[in-house]
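# Commentary on secondary and tertiary structure
Each chain is listed here by its residues.
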Amino acid sequence: MELLADKLRPTKLSDVIGQEYLVGTDGILTNLVKNKKLFSMILYGNPGIGKTSIAYALVNELGVRYRFLNAVVSKKEDFEVVIEEAKMYGEMVLIIDEIHRMNKDKQDLLLPYLESGLIILIGLTTANPYFKVNPAIRSRVQIFELHDLTIKDIIKGLKRACNSLPGIKIDDDAIHMIASLSSGDYRSALSLLEMSYYSVSNHEITLDVIKKINAKPMMMGDQDEDGHYNLISAFQKSIRGSDVDASLYYLGRLLTIGDMDIVTRRLSVIAYEDIGLANPSVGPKVMAAISAAERLGLPEAQIPLAEVVCELALSPKSNSAAMAIESVMSDIASGSTGEVPPWLHTNSKDYKYPHDYPKHYVKQQYLPTNIKNKKYYVPCNNSYENNLNKINMEMKK
């Protein structure tokens, strides 16, 4: 039996849930379809937010020949067959799922045909392609990040899906609950809707029916979009405010609703934005805790995450590096840039090599001349940064 998620897979971009900047009335991909033109691209983002749906809608609306392969499961021979087909027809769209896991042999095979335009690639991945995809592939494609779906997006899709389930009886509260339990994954929401529909003889989906299938508890404030973002905000602010009990409490709330991805992303940010140079060793500890949590999965993942949350909350704090780079980026955005000094150019004979001088330091201008006196870094008053600055000043005497 065909699953609801497959049955409802969009055949045109206007059927896609969310992703307005790509598939809306004046979206980038919408305009490509209007102009009957397609370029190689990579779509990346969290599971269940529309990557595969957009790829299929694109090729369907444009009426182009395409093949779908998986970077892990499909063999090199499968890729060779697609290339031969492309030669036969003059062009082929190749949709590759999990493109971040494509090995070097397959990449080397595809590259010349991407370059020539014989193969138009649509890569799909949950991993950030700027880190996980080979630069040679990246340079030949446009990269589009898909945004997480909101509760409103998923509710809209669920109401549309209800039209495909004969005799369904469901109210707005039940739809809202399904959307809230999906954690932004539309495919998961459709699966829960379909399971609920077939699990009762009269097809009446109530809150009790949903709770029997999905026992994940819902707490006040977690079930709507604003409440969810408030939880995330409270989590980071509690760690920043050095309240270890509140930090653990909000960690528990987020893990209870199954949102481990947002927890790990927040912890990665906090380690460098809020702890920073006050305790720089905590960054690798956070990465190790995240790695352990991902290997363990819930519920055991809560143990390494709780440990690192305690350390972050109890740690001294510094935002000096975050503020410094923010100031740099602001200046660059406003046009406050300048030419790299000639003595810093590649192979310049006027460059003074610091290691040739006492204390491995020599006074030399590094910033562009028009901003040579600019100070971006302002140290916070903590022992680690004080020691760094003390050593730096002693070296420059």
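Here goes a summary of the coordinates provided. Sequence order as written defines residue numbering, which begins from 1 separately in each chain. Selection of residues for local features in this predicted model requires a pLDDT of at least 70, selection of side-chain atom pairs for listing and counting requires 80 or more, and totals for whole chains, interfaces and linings are taken over all residues. Side-chain metrics rest on all non-hydrogen atoms present in the structure, leaving aside hydrogens and water.

### Looking at the environment of Met-395
Put simply, the test is: Secondary structure is summarised from DSSP: a helix means a run of H or I of at least four residues, a strand means a run of E of at least two, and numbering begins at the N terminus for each. Partly exposed describes any residue whose relative accessible area lies between the buried limit of under 20% and the exposed limit of over 50%, with all areas from a 1.4 Å probe on protein chains only and scaled to the type maximum. Working rule for contacts: check all heavy atoms of both residues, and any pair within 4.5 Å makes them a contact.
Its place among the elements puts Met-395 in helix H19 (residues 383–396). Classification of Met-395 as partly exposed rests on a relative accessible area of 26%. Taking the C-alpha atoms as reference, Met-395 lies 36 Å from Phe-131; in sequence the two are 264 residues apart. Residue contacts for Met-395: discarding those within four places in its chain leaves Lys-359 and Tyr-361.

### Things to note about the packing of aromatic side chains
Convention followed: Stacked, tilted and edge-to-face are the three classes applied to pairs of Phe, Tyr and Trp rings, where Trp contributes its six-membered ring and a pair requires centres within 6.5 Å; stacked means planes under 30 degrees apart, edge-to-face means over 60, and tilted covers the rest.
Under the defined criterion, the tally for this structure stands at four aromatic pairs. The interplanar angle of 10° and the centroid separation of 5.7 Å between the aromatic rings of Tyr-56 and Phe-68 together place this pair among those described as stacked. In this pair, Tyr-56 sits in helix H4 (residues 51–62) while Phe-68 sits in strand S2 (residues 66–70), placing the two residues 12 residues apart along the sequence. Taken together, a centroid distance of 5.1 Å and an interplanar angle of 70° make the contact between Tyr-249 and Tyr-250 edge-to-face. Residue class for Tyr-250 comes out partly exposed when judged on its relative accessible area of 22%. Here the aromatic residues Tyr-56, Tyr-66 and Phe-68 are joined through ring pairs into a cluster of three or more.

### Examining the pattern of salt bridges
Selection rule: Salt-bridge detection follows one rule: a side-chain nitrogen of Lys or Arg within 4 Å of a carboxyl oxygen of Asp or Glu.
A full pass over the atoms with the stated rule returns 12 salt bridges. Taking the shortest distance from any N to any O, the salt bridge between Glu-115 and Arg-140 comes out at 2.8 Å. Residue Glu-115 is located in helix H6 (residues 104–116), and its partner Arg-140 is located in the loop between helix H8 (135–138) and strand S5 (142–145); the two are separated by 25 residues in the primary sequence. A relative accessible area of 53% means that Glu-115 is categorised as exposed. Put simply, Arg-240 and Asp-274 hold a salt bridge, and the shortest N to O gap is 2.7 Å. Taken together, the positions of Arg-240 in helix H13 (residues 225–240) and Asp-274 in helix H15 (residues 260–275) put the pair 34 residues apart, joining distant regions of the chain. Assessed through its relative accessible area of 6%, Asp-274 is described here as buried. Here the residues in one salt-bridge network are Arg-240, Glu-273 and Asp-274, joined through shared partners.

### Digging into the pairing of strand S1 (residues 41–44)
Condition: Strands qualify as paired when DSSP identifies two bridges or more between them.
The alternating pattern of S1 places Met-41 and Leu-43 and Ile-42 and Tyr-44 on opposite faces, both of which are buried. Pairing analysis gives four bridges linking S1 to strand S4 (residues 119–125), with the strands arranged parallel. Its bridge partner being in S4, Leu-43 is matched across the sheet by Leu-124. When S1 meets S5, the two strands line up parallel, connected through four bridges. Of the residues in S5, the one forming a bridge with Met-41 is Gln-142.

### Some details on the sheet that holds S5
The test is simple: Axis definition: a line fitted to C-alpha atoms, over the contacting stretch in the case of helices. Angles run 0 to 180 degrees between N-to-C directions.
The sheet built from five strands is open, its strands ordered S2-S3-S4-S1-S5 with parallel pairing. The open sheet has two edge strands with one neighbour each: S2 and S5. This sheet shows a mean twist of 15° between the axes of neighbouring strands, independent of strand direction. Packing of H4 onto the sheet brings it into contact with S1, S2, strand S3 (92–97) and S4, and relative to S4 it is tilted by some 160°.

### Looking at unusual backbone geometry
Note on backbone geometry: most residues besides glycine have negative phi, and most peptide bonds are trans. Following Leu-298, the chain continues to Pro-299 via a peptide bond in cis, the omega torsion being 10°. Turning to its location among the elements, Pro-299 is positioned in the loop between helix H16 (282–296) and helix H17 (302–314). The phi angle at His-203 is positive, at roughly 60°, despite the residue not being glycine. The class for His-203 is partly exposed, based on a relative accessible area of 21%. You will see that His-360, though not glycine, has its phi angle at about 60°, which is positive. Mapped onto the fold, His-360 is located in the loop between helix H18 (320–333) and H19. Owing to a relative accessible area of 52%, His-360 belongs among the exposed residues under this scheme.

Note that every value here comes from positions in space, so none of it alone points to a role or purpose.
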